[in-house]
Amino acid sequence: MLKWGPRLALAIAIAMVSAPTPRADGSMVAIVGATVIDGTGRAPIANGVVVIAHGRIAAVGSPDRVPVPKTAEIIDVRGKWLIPGLIDAHIHFFQSAGLYTRPDVIDLRSIVPYAQERAANRTRLPATLARYLASGVTGVVDVGGPLWNFEVREQARQMRFAPQMAVAGPLIATYAPDELNHEDPPIVRVTTAGAARAEVRRQLAFGSDLIKIWFIRWRGQDLDGELAWIRAAIDEAHRGGVRVAVHATELETARAAVHAGADVLVHSVEREPVDAAFLALLRAKGVIYTTTLGVYEGYMKVLRQRPRMTDIDRRIGDAAVIDTFDDLAQLPESAIPGWVATAPPPIDPVTLANLERVQAAGIVIAAGTDAGNIGTLHGPALHREMELMAEAGLTASQILTAATRGGAQAMGREAELGTIEPGKRADMVVLDADPLADITNVRRIYRVMVGGIALDPATILAKATAHASPGNSTGE
């Protein structure tokens, strides 16, 4: 169970965030004057009106079609742009994004014990949630971690201001690194259909929103044997009414996972071009394709000691986490894994080209970051991901759709999140510049709206981090 200290700190931090007070006569708000980009891909609405009642969108349109109710509190944002709240469709709360968070990649447990790193991640959780909101991210999908993921979700549900969440429990895997073995492990290795079904049932009892399978293939591995239990796990999840997300970055394993019944591919297919048959399979099965273009870049920047941060990384990212990147320079060269020097370039052109092909094929894309992995910061990482999607050839409109509606579909909550449409939660972001002119303008956040309440991102961050006692990876 989470200790009362972080919970109480989080409650204090959120309570102190400055925000307009909802009207006592029904909490009706009208946002007027912005160019509304609704996340569906439809043409923007100039000088739009969005009416919000009780935290839900009641009406959207031009002033001649949507009158402003006389009782509404008016938020005048003329000259600005309004988009749905962003959704990061792939994160891991149990990882910090710091140097010590993946001992199976770079083993520095003699400096920071893994138990200490995990404990620090839980302590800093209040500030982590604030960083997502301050980044304009009002929804996240945690696609696998310890069972305490479910406590995080419950904690967020009880908060007035927090990202909406979908969470999975421990990754059900073809391989589990010994370095991550810990009380309440994030990865569980199974080898039989019976064990896979039992693990799925265990997670369903916690109310898992997704089941996550980590499909890692090694040379000489019995692929058919692994697929037997993967099919069983997917069948058991579907019997329980829950979808399955699969980590499968090779074309062959991704194809096999989809044939086995996967609902979401949580990474891009890397290093090998996708073919027409694969694209047709994804489209026919309605599979969601999640990007995570930047996660490998994050590792390379840190491990090659070139941790160049974007402006929003520096402004919103956890400074204590970022500081750990410099620790590597103080360590002997032997601490750096040998593969780092010969690793391929951080951004694979084949992976980018695959995303463009997936987009052209009409497949649902969700923007995800794999935040929590070394160098991929909780909160602002989604902005770098969108920049890379533009490099892949997607238009700004397509990217925004993937980072809003696509994310809601990955969450399984497209009926209430992801677009600015009547009936949806009023989770939105007001921008100072046109995101369709340049996707990096999504970083220019004026206000974040959570359930119809407008929040200043700077205030969210300042108040939450001042009172949450986030700690750091070294425990100092």
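The present account deals with the structure reproduced in this document. Since we're looking at a predicted model, the values are computed, not measured.

Description of the overall build of the protein
Okay, step 1: Helix and strand counts for the protein come out as 16 helices and 19 strands.
Okay, step 2: Summarising its shape, the C-alpha atoms of the protein cover approximately 70 × 55 × 40 Å along the three principal directions.
Okay, step 3: Looking at the 476 residues of the protein, the share that counts as buried comes to 59%.
Okay, step 4: Accessible surface for the protein amounts to roughly 18,100 Å². Of this, 51% is attributable to carbon and sulfur atoms.
Okay, step 5: Separation of charge centres in the protein, based on 48 positive and 52 negative side chains, amounts to 4 Å.

A short note on the sheet that holds strand E11 (residues 187-189)
Okay, step 1: The seven strands are arranged E11-E10-E12-E13-E14-E15-E16 in an open sheet whose pairing can be described as parallel. Where the open sheet ends on each side, the last strands, each with one partner, are E11 and strand E16 (365-366).
Okay, step 2: Pairing between strand E10 (residues 171-173) and strand E12 (residues 210-214): two bridges, direction parallel. Residue pairing for E12: Ala173 is matched across the bridge by Trp214.

A few points about the environment of Ile31
Okay, step 1: Following the sequence through the fold, Ile31 ends up in strand E1 (residues 28-32).
Okay, step 2: Taking C-alpha positions, Ile31 is 9.4 Å from Arg78, a pair spaced 47 residues apart along the chain.
Okay, step 3: Leaving out residues up to four positions away in the same chain, Ile31 has contacts with Gly48, Val49, Val50, Ile52, Ile75, Val77, Leu82, Met428 and Met449.

So, the nonpolar core
Okay, step 1: Counting residues in hydrophobic clusters, the biggest one holds 96 residues, and the most contacted among them are Phe93, Phe215 and Met389.
Okay, step 2: Counting 22 residues, the second-largest nonpolar core is a separate cluster that includes Tyr100, Leu108, Val321 and Ile322.

Describing helix H5 (residues 193-204)
Since the α-helix advances by 3.6 residues per turn, residues separated by three or four positions end up pointing in the same direction.
Okay, step 1: Relative to the 16 Å expected for 12 residues at 1.5 Å per residue, H5 spans 16 Å between its end C-alpha atoms, a close match to the ideal helical length.
Okay, step 2: Of all the positions in H5, only Ala196, Glu199, Val200 and Gln203 are classed as buried. End-on view of H5: buried residues confined to an arc of 100°, all on one side of the axis.
Okay, step 3: On its buried face, H5 sits against helix H4 (149-157), E10, E11, E12 and helix H6 (223-239).

Structural notes on helix H9 (residues 295-303)
Okay, step 1: Burial analysis of H9 places eight of its nine residues in the buried class, the great majority of the element.
Okay, step 2: Among all positions of H9, only Val295, Glu297, Gly298, Tyr299, Met300, Lys301, Val302 and Leu303 are buried.
Okay, step 3: Against helix H12 (339-342) and helix H14 (381-391) lie the buried residues of H9.
Okay, step 4: Phi turns positive one or two residues past the end of H9, at Gln305, with a value near 55°.

Some points on the packing of helix H7 (residues 251-260) against helix H8 (residues 276-285)
Okay, step 1: At a minimum axis separation of 11 Å, H7 and H8 run at an interaxial angle of 30°. Classified by the interaxial angle, the pair formed by H7 and H8 is roughly parallel. In terms of crossing hand, the pair formed by H7 and H8 is left-handed. Only Ala277, Phe278, Leu281, Leu282 and Lys285 of H8 make contact with H7, whose side of the interface consists of Leu251, Ala254, Arg255, Val258 and His259.
Okay, step 2: Considered class by class, the residues forming the contact of H7 with H8 number seven nonpolar, one polar and two charged.

Considering the packing of aromatic side chains
Any pair of aromatic rings gets described here by the distance separating the centres and the angle formed by the planes.
Okay, step 1: In total, this model carries three aromatic pairs according to the counting rule given.
Okay, step 2: For the ring pair Phe150 and Phe206, a centre distance of 5.4 Å and an interplane angle of 15° mean the geometry is stacked. Placement of Phe150 in helix H4 and of Phe206 in the loop between H5 and E12 is noted, with a sequence separation of 56 residues between them.
Okay, step 3: Here Phe150 falls in the buried class, since its relative accessible area comes to 7%.
Okay, step 4: The interplanar angle of 25° and the centroid separation of 6.0 Å between the aromatic rings of Tyr175 and Trp214 together place this pair among those described as stacked. In this pair, Tyr175 is assigned in the loop between E10 and E11 and Trp214 in strand E12, connecting sequence segments 39 residues apart.
Okay, step 5: Classification of Trp214 as buried rests on a relative accessible area of 11%.
Okay, step 6: Between the NZ or CZ atom of Lys80 and the centre of the ring of Tyr446, over which it lies, the distance is 4.3 Å.

Parameters and conventions
- Residues numbered from 1 in each chain as written.
- Predicted model: local features only at pLDDT ≥ 70, side-chain atom pairs only at ≥ 80, totals over all residues.
- Heavy atoms only, no water.
- Helix = DSSP H or I, 4+ residues; strand = E, 2+ residues; numbered from the N terminus.
- Buried < 20%, exposed > 50% of the residue type's maximum accessible area, 1.4 Å probe, protein only.
- Areas by Shrake-Rupley, 256 points an atom, 1.4 Å probe, with all protein chains shown as cover.
- Lys, Arg positive; Asp, Glu negative; His and termini not counted.
- Charge placed at Lys NZ, Arg CZ, Asp CG, Glu CD.
- Pairing = 2+ DSSP bridges.
- Contact = heavy atoms within 4.5 Å.
- Core = buried A, V, L, I, M, F, W, Y, C linked by side-chain atoms within 4.5 Å.
- Expected span 1.5 Å × (residues − 1).
- Arc of directions from axis to C-beta.
- Axes fitted to C-alpha atoms, helices over the stretch in contact; angles between N-to-C directions.
- Parallel < 35°, antiparallel > 145°, perpendicular 65-115°, else oblique.
- Left-handed = near helix turned anticlockwise from the far one by under 90°.
- Nonpolar A, V, L, I, M, F, W, Y, C, P; charged D, E, K, R; others polar.
- Phe/Tyr/Trp six-rings, centres within 6.5 Å; stacked < 30°, edge-to-face > 60°.
- Lys NZ or Arg CZ within 6 Å of the ring centre and 35° of its normal.

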